[in-house]
Every structure is written in C-alpha cells, then in structure tokens.
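The residues making up each chain are set out below.
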Amino acid sequence: MVAHVRHDLRPAAETARDQEAAASLAERSGLPFETRSVSVAAGNAESESRRVRYQALGRMAKEHGCSFVATAHHAGDQLETVLMRLATGSGSSGLAGIRASRPLDNSEPRLTLIRPCLGVDRAALHAICAAAGVTWAEDASNDDVSRIRARLRSGPIEAVSEALPGLERGASRSAEALADDARALHELAMSHATTRPEARGAGPVAFERQTLLACSDAVIAACLRAGVTEAAGAPVRELTRQEVHKLVWLLHSGEDDTVRPLGPVEVRIEDRCVTITRR
C-alpha cells in the first residue's frame, strides 16, 4: 500500500498537491492508498512532526496487515544527519546516522521501519523517478533556510560536493561502517551483563560492579551505553561523554546506593551490582 500523512504545518494547497501526487503513484502501481491527518503540538516542530508521522504510518500499516514501513530517506539525508551529529560530538553510534532499519514501535505485531534508499544519492533518485515516469515531489519546507538541514544543503554541502563528487554516497558508506562497529560494540558490551531482557524494555540490565571495575573506562562506557539502550526498549539519544564520565567516576569512587536518572531509564549503583531499569 501507499500511505501519505498530512501535517498541519504547511499551506493547505501544498498539502493537497502532495497528497494528489501520492494518490497518483498508488493508482499507477495498482496499490491501495491511505492518507491521515496529524496535528503537530507546540515545541520542536521537526521532532514532533516526525513522531506523529510515524505513529500514523504505523496505524495504517497495521490496518492493512503490513509488516514493514518504507520511507525514502536517501544518502543526502544521511550526510546532513552525520554532519549535525558531528557538531554535537557524537560517538560511533551517533555518527552512524539514520539507521537502515529499526523497530517502529514495541507493540505486537512488530512493525519494522526500513529505509532502502539510504545508499542512493539525490541525483540518482531523480534519474530513477524520471526513467519510471514518476514526477518528483519536493517538500517546500526543504528550502526553508531557517532550518539547519536546508541551510547545510544549500550552503556548505553544495560547495563541498562540487569539489568532492560522490560526497553523499561516501558519507552513507561511512555511516554504514560505523553502524556495523556500533552493533559489534553493543553486543560485546552486553556479553558482560549478568541480566539482560529477552526483548528490549522487557526488564532491567545488570552488571557485576567488580566485573566493570576490572575493565578499562572505555569498556565501562560501552557497557553503560549498551545497557541504557537495552533497558529503554526504544531508540534513545546517545549518552553524552559528561554523563558517562560521571557514572564511571561513581563506580570508581566506592559510593553505593546511588541512583542516577537518565532520560527514560535510571542507573542504580550498589555495592556489588549496577542495574539499569526503565523508569
């Protein structure tokens, strides 16, 4: 099926035009078409619109018995994300950028979000659409330079791409390699856990305190980051270096019965055990 989500952030004429383009694609492909309207609450409009958009896509997918939701994020989107994460000092997990696939939610039946075009640059996608006779539809907000992504795209990325052809595809390959490294580090870190849930978010993650103290600070940091991700049960922001350093310091300090809230989880440091639990 082809699904379309209407936001209340743009003029009605633009929204109607995008909906018509999506409906036309569905008709040409012989697929059912669904559309939903969502309202974006005050606050971070970009983040909130993403959240309600995926909620709407998930509901439509389940109503039609779909197991996957595919979006058209491409190598250009990946490059923008990597640059934004680089500016915040992210580690390998953050610099892995947009993930090629992830669970869309924790409900049953499980839905998986996939992004099959992440390795394809914008120019190639334009050519594919032209060859297939599909009209390219551009969200007008992509030209709004008050948004950091649009400013990057029309300024530094455009300039560097002229000097370094293939920049988008190269950044996408680097992000994919970092994602592989992050997954390997996650599994290695979780091998130190004495308790881990069968499914993310189904229970606490625990480590023996002495086991962690026998490791280097880098390994302790990896264990803490992996434990937070597993216990949260959903994608969470990467722990900052300051947050990790504080936890490592507490481990070495000999303090116990210490509880530190970290977003959706809390970390409890006791005499023999470190336990990470969803709040």
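Residues numbered from 1 in each chain as written. Predicted model: local features only at pLDDT ≥ 70, side-chain atom pairs only at ≥ 80, totals over all residues. Heavy atoms only, no water.

Just to check I follow, could you spell out the sheet that holds strand β7 (residues 258-262) for this structure?
Each strand in a sheet pairs with its neighbour through backbone hydrogen bonds, running either in the same direction (parallel) or in the opposite one (antiparallel). Judged by pairing direction, the sheet is antiparallel, and its 4 strands sit side by side in the order β6-β9-β8-β7 without closing on themselves. Each having just a single partner strand, β6 (205-208) and β7 make up the two edges of the open sheet. The average angle at which neighbouring strand axes cross in this sheet is 15°, direction not considered. As defined by bridge partners, β6 adjoins strand β9 (residues 273-278) across 4 bridges and the pair is classed as antiparallel. Counterpart to Phe207 in the pairing with β9 is Val274. (Pairing = 2+ DSSP bridges. Helix = DSSP H or I, 4+ residues; strand = E, 2+ residues; numbered from the N terminus. Axes fitted to C-alpha atoms, helices over the stretch in contact; angles between N-to-C directions.)

I would appreciate a short explanation of the environment of Ala61 in the present structure.
Here Ala61 is to be found in helix α2 (residues 45-63). Taking the relative accessible area as the measure of exposure, Ala61 reaches 3% and is therefore buried. Counting along the chain gives 27 residues from Ala61 to Glu34, while the straight-line C-alpha distance between them is 9.5 Å. Setting aside residues no more than four positions away along its own chain, Ala61 makes contact with Cys66, Val69 and Leu111. (Buried < 20%, exposed > 50% of the residue type's maximum accessible area, 1.4 Å probe, protein only. Contact = heavy atoms within 4.5 Å.)

Whenever I open this one, the state of the cysteines confuses me. Can you help?
Where two cysteines share a covalent bond between their sulfur atoms, that bond is called a disulfide. A full pass over the atoms with the stated rule returns 0 disulfides. Of all cysteine sulfurs in the structure, the one in Cys129 sits closest to Cys117, which takes part in no disulfide; the separation is 8.7 Å. Sulfur of Cys223: no disulfide; nearest cysteine sulfur belongs to Cys215 and is 5.8 Å away. (Disulfide = S-S within 2.5 Å.)

What exactly am I supposed to notice about the packing of helix α9 (residues 217-232) against helix α10 (residues 241-253) here?
Helix packing for two helices is described by the angle between their axes and how far apart those axes are. Viewed as axis vectors pointing N to C, α9 and α10 meet at an angle of 110°, and their least axial separation amounts to 10 Å. The pairing of α9 with α10 is recorded here as roughly perpendicular in orientation. Judged by the twist between their axes, the crossing of α9 over α10 is right-handed. In contact with Asp217, Ile220, Ala221, Leu224 and Arg225 of α9, α10 contributes Arg241, Val244, Leu247, Val248, Leu251 and His252. Within the contact of α9 with α10, the residues separate by chemical class into 7 nonpolar, 1 polar and 3 charged. (Parallel < 35°, antiparallel > 145°, perpendicular 65-115°, else oblique. Left-handed = near helix turned anticlockwise from the far one by under 90°. Nonpolar A, V, L, I, M, F, W, Y, C, P; charged D, E, K, R; others polar.)

Looking at this structure, how should I read the sheet that holds strand β5 (residues 112-114)?
With mixed pairing, 3 strands are arranged side by side in an open sheet as β3-β5-β4. For this open sheet the edge positions go to β3 (68-70) and β4 (101-103), each flanked by a neighbour on one side alone. In this sheet, neighbouring strand axes are inclined to one another by 25° on average, regardless of whether the strands run parallel or antiparallel. Strand direction decides the pairing type here: β4 and β5, joined by 3 bridges, are antiparallel. Within β5, the residue paired with Pro103 across the bridge is Thr112.

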